[in-house]
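Each chain, written out:
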Amino acid sequence: MRAECVFKIVWCQVVILSALGHKRYEICLARLLKKKIIYIMHGFAQDDGPEVCRREAELLPITDKILCVSSLFCKLAKEKFPEYAGKMDVLTNGISWEEFEESQCRMRDRNEIVLVGGGRLIKQNLNVCKAVQEINREHNLNLHICVYGKYTDKDESPDIKKITCVTFHGLIPHSDLLAKYRQSGLFIQNSIIESFGLAVIEAIACGCDILAGEKTGATDIIGDLRNEDIIHDYANISEIKRKIEYVLKHPNNDRLINSIDKEKTSWQCTVNKLIEYAKTI
């Protein structure tokens, strides 16, 4: 696999890196051969540890173009790295809409809420769980939360698992997660930041109602997004409660899915834009 990468670097005119999985010698070779480099930026390295931070620090100065996966994330990236702002632009994540052509599940449980990202601090799922716990207690409801993602004692996972209305499932295959979206009523993404947040679009495509944090890049492609669909303060449990109660009474899936242009957000459209960027650097 790495040998193939080396061969392609030698053969190609433009090296495109998606995220930071490259090896240092591959970048050195690309520079030695004076290849143009495009880096598709999916997030900040600070969220993934010191080794990834090192790769990011080495890569950003030598890339010819940095493409951020949403306009919201591009704005944040320019603020964080103003010295590279001039070579930053937007390449919105493409969506595999054909993956969601399967008919919707008729047995949808409107009391079921799905969260992804486990107990990672950046996901802020614990605050959602606390909000739902309070709603159940105050209104005598039976809302239930399924949390998917890695369980670890080093984040909010243990506290999330203690909450009685929560089942912490851990990691599951992607196809199983899509099936869960098709059976559930509400998906909530309360992250501090999501450079894109593909799970939001997948859940909408599978029929879930949605609440998303205001720094979720995927909201770029939703045409009819309203204040009631957005959590502005990920730490404000009162706001989260209010927004959950509202969307339970006013489902938003039909409005949101119908406001997305599936042609402009397809993978083919994204590939075409990437090719145009490659031609102009």
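Quick notes on the rules
- Residues numbered from 1 in each chain as written.
- Predicted model: local features only at pLDDT ≥ 70, side-chain atom pairs only at ≥ 80, totals over all residues.
- Heavy atoms only, no water.
- Phe/Tyr/Trp six-rings, centres within 6.5 Å; stacked < 30°, edge-to-face > 60°.
- Helix = DSSP H or I, 4+ residues; strand = E, 2+ residues; numbered from the N terminus.
- Buried < 20%, exposed > 50% of the residue type's maximum accessible area, 1.4 Å probe, protein only.
- Lys NZ or Arg CZ within 6 Å of the ring centre and 35° of its normal.
- 1 Å grid on protein atoms, 1.4 Å probe; cavity = no way out; pocket = protein on both sides within 12 Å on 5 of 7 lines; lining within 4 Å.
- Points joined across faces, edges and corners; volume = space filled by probe spheres on them.
- Nonpolar A, V, L, I, M, F, W, Y, C, P; charged D, E, K, R; others polar.

Points about the packing of aromatic side chains
Throughout the structure, instances matching the rule amount to 6 aromatic pairs. Look at Phe 44 and Phe 81: their rings are 6.2 Å apart centre to centre, the planes differ by 65 degrees, and that puts the pair in the edge-to-face class. Of this pair, Phe 44 sits in the loop between β2 (36-41) and α3 (50-59) while Phe 81 sits in the loop between α4 (71-80) and β4 (88-90), and the two are 37 residues apart along the sequence. On the basis of relative accessible area, Phe 81 is assigned to the buried category, the value being 11%. For the pair Phe 81 and Tyr 84, a centre-to-centre distance of 6.3 Å together with 40 degrees between the ring planes defines the contact as tilted. Neither residue differs from the other here; Phe 81 and Tyr 84 are each classed as buried. One aromatic cluster is present, formed by Phe 44, Phe 73, Phe 81 and Tyr 84 through successive ring pairs. The ring of Tyr 151 carries the charged tip of Lys 161 above its face, separated from the ring centre by 5.2 Å. Between Lys 262 and the ring centre of Trp 97, over which it is positioned, the NZ or CZ distance is 5.2 Å.

A closer look at the layout of surface pockets
The method is simple in principle: a probe with the dimensions of a water molecule rolls over the atoms, and the space it marks as empty is what remains. What the largest pocket holds in volume is close to 620 Å³. Along the wall of the largest pocket there are 29 residues; nearest its centre are His 42, Arg 120, Lys 123, Glu 194 and Ser 195. At the level of elements, α7 (174-183) and α8 (198-205) are the ones that each hand at least two residues to the lining of the largest pocket. A per-class count over the lining of the largest pocket returns 15 nonpolar, 8 polar and 6 charged. Reported here for the second largest pocket is a volume of approximately 500 Å³. In terms of lining residues, the second largest pocket is bounded by 18 residues, among which Cys 5, Lys 8, Val 15, Ile 16 and Leu 17 are the most central. Of all the elements in the fold, those that place two or more residues in the lining of the second largest pocket are α1 (2-11), β1 (14-18) and α2 (24-32). Per-element tally for the lining of the second largest pocket: the top contributor is α1, with 6 residues. The residue makeup of the lining of the second largest pocket, split by class, is 11 nonpolar, 3 polar and 4 charged.

Shape is all these values report; function is a separate question.
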